[in-house]
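# Chain and residue survey
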Protein chains: 2
Amino acid sequence: MMDVILKRRSVRKYRPDKIDEEVVREILKAGFCAPSARNLRPWRFVVVDDREKLDKIAVGCPNAAMLKSAPAAVIVCGNIDESPDYWADDCAAATQNILLAATYFELGSCWCAAYPKSARMEPLCEILSLPQNIKPYSIVAMGKADEERAATDRFEESKVKRNGW
Amino acid sequence: MMDVILKRRSVRKYRPDKIDEEVVREILKAGFCAPSARNLRPWRFVVVDDREKLDKIAVGCPNAAMLKSAPAAVIVCGNIDESPDYWADDCAAATQNILLAATYFELGSCWCAAYPKSARMEPLCEILSLPQNIKPYSIVAMGKADEERAATDRFEESKVKRNGW
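All of the points below concern the structure found in this document. A quick note: this is a predicted structure, and the numbers were derived from the prediction, not measured. (Residues numbered from 1 in each chain as written. Chains lettered and ligands numbered in written order. Predicted model: local features only at pLDDT ≥ 70, side-chain atom pairs only at ≥ 80, totals over all residues. Heavy atoms only, no water.)

### Considering the interface of chain B and chain A
Listed as interface residues are 65 residues of chain B and, on the opposing side, 65 residues of chain A. Here chain B and chain A share an interface that buries about 6000 Å² over both sides, 60% of which is from carbon and sulfur atoms. For chain B, the biggest contributors to the area lost against chain A are B:Lys159, B:Asn163 and B:Trp165; these three give 14% of the whole. Inspection of the region where chain B meets chain A yields eight salt bridges. Between A:Arg25 and B:Glu157 there is a salt bridge, with the nearest N and O atoms lying 3.2 Å from each other. In this assembly, chain B and chain A are joined by 34 residue pairs in polar contact (both at pLDDT 80 or more). Elements with a minimum of two residues in the side of chain B that touches chain A: helix 1 (2-7), helix 2 (21-32), strand 1 (43-48), helix 4 (87-104), strand 3 (108-113), strand 4 (134-143) and strand 5 (160-162) of chain B. Of all the elements, helix 4 of chain B adds the most residues to the side of chain B that touches chain A, at nine residues. The residue inventory of the side of chain B that touches chain A, partitioned by class, reads 37 nonpolar, seven polar and 21 charged. Note that strand 1 (residues 43-48) of chain A and strand 5 of chain B share three bridges and pair parallel. Across the sheet, residue A:Val46 finds its bridge partner in strand 5 of chain B, namely B:Lys161. (Contact = heavy atoms within 4.5 Å. Buried area = accessible area lost by both parts, 1.4 Å probe. Salt bridge = Lys/Arg side-chain N within 4 Å of Asp/Glu carboxyl O. Polar contact = N/O pair within 3.5 Å; in protein donor to acceptor, adjacent residues only side chain to side chain. Helix = DSSP H or I, 4+ residues; strand = E, 2+ residues; numbered from the N terminus. Nonpolar A, V, L, I, M, F, W, Y, C, P; charged D, E, K, R; others polar. Pairing = 2+ DSSP bridges.)

Okay, here's the thing in structure tokens:
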């Protein structure tokens, strides 16, 4: 488990190989297992594997330009009516679980922010025809990596404090 | 790995056993391995294992009342100067990694929100003497669980969409 956490890196170049449906389902299962405030689970997951839609998102959200090469993405969205104060935090936890599950299944992945910038959220709302109360939180690109990214030790002693500052 | 993701549950009753220092370090290492926007890594981790401080936090932040029984907590904080737009999202990813690492080391854990409610953030700023630019994001209670919480399948078909709504 720790090896997966340490191995996860942001991948921005992908091979076109389609992701197995069973693997997609396992990855979503990980998203569903995230904690959420008051266990309200306000998330929604939009799996995108339509080439045209992926290309549209890559253009509409330039920070997700790697979708031009990725065979799939999960757009993690939240129902803002179900959890107005914490939907974004819950979606963040789900996003992280999805990244780790993808890593476990030997897929590269990258967390591209949608929320909170409206210039990134609006194109997604349009391309995916999201209802008014469903807001896109993140775009998770996924696919076989076409670049090598080594695990690194990221511990920074100066950022740890004990019992106060 | 998937078993750890599926096994993680929020634990609210703890045994007083102290957590091994090496385990604390491994858990923090997981936090440091979270992704962050532009790789800015704005997080700070305050480990609290002082009984008096834990009790003070439990009173100041009633949603973290379980710290009365927990032997330790990690307060995940962000430096808002380093990443004004995304420090909270980055701290969420780090928090989730910490929860999973704790689960892996057979510890119970619970994500208690601090951000965005000032009534929860202010007591933490005071109890931990946080500088002005360091904001508490979450309180992660940790320790040997004193309750059984089974893994459950949380997949909800109705929350998954394909290529749009």
